[in-house]
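# Descriptive structure summary
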Amino acid sequence: MSARDPDELTIPPDGRPTAQQPRWRRDFPIDVPQDQYVARREFSKFLVLTSFAFVVGQIWILAKSLLGRRPAFTGTPVARIDELAVGSFRQFEYPGPGEPKLLVRLSEHEVVAFDQRCTHLSCPVHPQVERGLFHCPCHKGSFDLATGRPLSGPPRRPLPRVDLELRDGVVWAVGVTERTS
Amino acid sequence: MPVPADHHFYLDLARCIGCNACVQACTECDTHKGVSMIQLDFVDRSRSTQTVPVVCMHCDQPTCAEVCPADAIKRTEDGVVQTAHKARCIACNNCVLACPFGVPKMHDTASLMMKCDMCYDRTSRGLKPMCASVCPSQALFFGTHEEIETLRPASRAIDNFRFGAQVVSTRVRMLVPRTFAEPLLAISAPLERAASAEPADPLLANLYQENDA
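Procedures and definitions
Residues numbered from 1 in each chain as written. Chains lettered and ligands numbered in written order. Predicted model: local features only at pLDDT ≥ 70, side-chain atom pairs only at ≥ 80, totals over all residues. Helix = DSSP H or I, 4+ residues; strand = E, 2+ residues; numbered from the N terminus. Buried ≥ 20, exposed ≤ 12 C-beta atoms within 10 Å, placed from the backbone. Contact = placed C-beta atoms within 7 Å. Pairing = 2+ DSSP bridges. Nonpolar A, V, L, I, M, F, W, Y, C, P; charged D, E, K, R; others polar.

## Notes on the overall build of chain A
When helices and strands are tallied, chain A shows three helices and 10 strands. Along chain A, helices (α) and strands (β) appear in the sequence α-α-α-β-β-β-β-β-β-β-β-β-β when read from the amino end. By residue count, 19% of the 181 residues in chain A fall in the buried class. The long-range fraction of contacts in chain A, counting pairs at least 24 apart against all pairs at least 6 apart in sequence, stands at 31%.

Here's what the structure looks like:
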């Protein structure tokens, strides 16, 4: 019986020294210190590659924002103004399908339209005209009916606004303005 | 904190009285509540009441880790072979089949091999393993070499075992009588003798006849 060296490696079954062992033994060591050991070279490699991934990500974001601009909006007729009573609303999809918007007639001369997706987690907001707000039931967020600005709850950004035009008694959607504050 | 290098687990199998206290104590451990990592085996129930507590021997060349295809069984720097890494174990049973001492057990509900880790949560803080702290006959003993020399002057500790062609050295030590002169304990020797010689045991004789027929 001999006193054991605490740093001693597990002896492979054939008893030969570590240098003569197959490569996989060094890659998959049985001892915890060797299994958890991170060499300086490995650590630097990790740092460099991670930084490189961050740089690539930043470039990708930049390229996406420069190149990936959405094409100019085309106008779409939404509703006839005389079909929309004061205090009523209508849902429509603009600029494409799957992008729900809400058209609200606030008064005789005032019609607004906003994105229906809450700026918090994209739950659909519901207009509550009598209370003058859009209500999001998911986390009790609310937005101002006239401006789309957040009033309460988790949302911090206003609802994207749809630019409207009135042409011969028909309300046309002609663009979407995203706002950050 | 590692298990102190001068503290060893000593098995004195002849002192085991089969009381199952170690099994019960192991079951009560918080790290594997309700599951015992120690088992009590009968040597030859038809002839003797002798029982043997089976704990992990913590081999220097752990066969369980050697055969693990998922790199899940690791040995800490203090020589303790740990339970399979939960995230790595694929429940393939290789270790269960390969261990010469029959220690690892597969827990199918958790799909995890769990084995005795010498109560790592206790021994790494200077406490005795659960089983060694309750054993009334001290068949399971955890302490220093000096302590065991004083307590068992007629015994000596052995940490080399032979299973056929495989020789295993272990961290856990087994006490054998001082009159036993062999440097290592050949566990498989009786089986080898029985296979080569005419079996004296009538049960074994029947077995061989069946095989021949």
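## Considerations on the pairing of strand E4 (residues 110-115) of chain A
Residue and element names in this part refer to chain A. Alignment of strand E3 (residues 100-107) against E4, held across six bridges, turns out to be antiparallel. Across the sheet, Leu 103 pairs through a bridge with Ala 113, a residue of E4. Connecting the antiparallel pair E3 and E4 is a turn made up of two residues.

## Remarks on the interface of chain B and chain A
Contacts between the two partners involve 15 residues from chain B, matched on the other side by 14 residues from chain A. Among the secondary structure elements, those contributing two or more residues to the side of chain B that touches chain A are helix H2 (63-67) and strand E7 (155-163) of chain B. Among the residues forming the side of chain B that touches chain A, the class breakdown is four nonpolar, three polar and eight charged.

## So, the environment of Arg 152 of chain B
Residues and elements named next belong to chain B. Along the chain, the position of Arg 152 falls in the loop between helix H6 (145-151) and E7. Residue classification places Arg 152 among the partly exposed positions, given that 18 C-beta atoms sit within 10 Å. As a C-alpha pair, Arg 152 and Asp 12 span 140 residues in sequence and 9.6 Å in three-dimensional space. Those residues in contact with Arg 152 that sit more than four places away from it in its chain are Asp 12 and Leu 175.

Scope: geometric values only; no functional claims are made or implied.
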